[in-house]
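Tertiary structure, described
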Amino acid sequence: MSFDLQDAHVVVVGGSSGIGFAVARAALDLGARVSLAGRSRQRLEAARTGLQAGPAILTLDATDPGGAKAAFAEIDPIDHLVLTAGGASADGPVAEIGWQGLADTMAAKLGAQVTALAAALPHLTDRASITLTSGAASRSATPGMGALTATNAAIEALIRTLAAELAPRRVNAVSPGLVDTPGLSMLAGDGKDAMVAAAAEALAVGFVAKPEDLAPLYLAAMTSPYITGAVLDADGGALI
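The notes below deal with the structure included here. The written sequence of each chain sets the order in which its residues are numbered from 1. It should be noted that, the model being predicted, local features are given only for residues of pLDDT at least 70 and side-chain atom pairs only at 80 or more, the latter also being counted only at that level, while totals for whole chains, interfaces and linings use all residues. Excluded from the side-chain calculations are hydrogens and water; all other atoms, namely the structure's heavy atoms, are used.

**Quick look at the pattern of salt bridges**
Note on definitions: salt bridges are taken to be side-chain nitrogens of Lys or Arg within 4 Å of carboxyl oxygens of Asp or Glu. Applying the stated rule across the entire model yields seven salt bridges. Taking the shortest distance from any N to any O, the salt bridge between Arg 48 and Glu 45 comes out at 2.8 Å. Residue Arg 48 and its partner Glu 45 are located together in helix H2 (residues 41-49), separated by three residues, close to a single helical turn. Working definition: with a 1.4 Å probe on protein chains only, accessible area under 20% of the residue-type maximum means buried, over 50% means exposed, and in between means partly exposed. Residue Glu 45 is classed as partly exposed on the basis of its relative accessible area, which comes to 28%. Measuring nitrogen to oxygen at the nearest pair gives 3.4 Å for the salt bridge that ties Glu 156 to Arg 139. On the criterion of sequence distance, the pair formed by Glu 156 in helix H5 (residues 146-166) and Arg 139 in the loop between strand E5 (124-133) and H5 is long-range, its members being 17 residues apart. Accessibility expressed as a relative area gives 15% for Glu 156, which makes it buried. Each of the salt bridges in this network shares a partner with another, and the network as a whole consists of Arg 41, Glu 45 and Arg 48. Counting from the N terminus, the helices are DSSP H or I runs at least four residues long and the strands are E runs at least two residues long.

**A closer look at unusual backbone geometry**
A cis geometry characterises the amide bond from Ala 167 onward to Pro 168, with omega recorded as 10°. With respect to the element layout, Pro 168 can be found in the loop between H5 and strand E6 (170-176). Backbone geometry places Asp 7, a non-glycine residue, at a positive phi of 70°. When you line up the elements, Asp 7 lands in the segment before strand E1 (9-13). Residue Asp 7 is classed as exposed on the basis of its relative accessible area, which comes to 51%.

Below you can see the structure in the form of structure tokens.
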């Protein structure tokens, strides 16, 4: 299968770094017109300098419905919407973080992606694709990660309903495992290299993915006309 995005308009929410940035770069390489969306214009401008074909920039806070709606108001029709936005997760046993910890984590990731989707919806073409981002924690039972598990599971549970509600537009999700991103560096600090090495030994594929390793899954979701309501796993065998 060849990926064909020539002249298609791809909007990546959360596109200033990590997986979103890798998806934007891959789409540009395939001839797409790309808009990078995110909260920090400074980070978006920095990301644009790292791309050969300068994408457009859309500054928005995906947790703010009114602001997101206003940001999308003047945008060109969208052929493919990619949602990789996600904020900090509350870590710790569920009984300790309580409902507030769960709610804050869900708002930062599930809420941001659903809010951005709703704001962009009037600007999506009739056959547009929408790709959300969940995570392999959705089907794990790791103590201390209940908030992230619940959030990712909720995103995956919504995919089929969204696909039915928004048809003939297609709705899918990519579910990454551990990925070596700038966000992981901020989370793990000086312990990141040791964390990545230990995780690589435990994975069936023997390595931890870089963001560019995930981009083909998003391209497949965008360009495969017969995929909808699906969750595409890219976890290196973590759930085997």
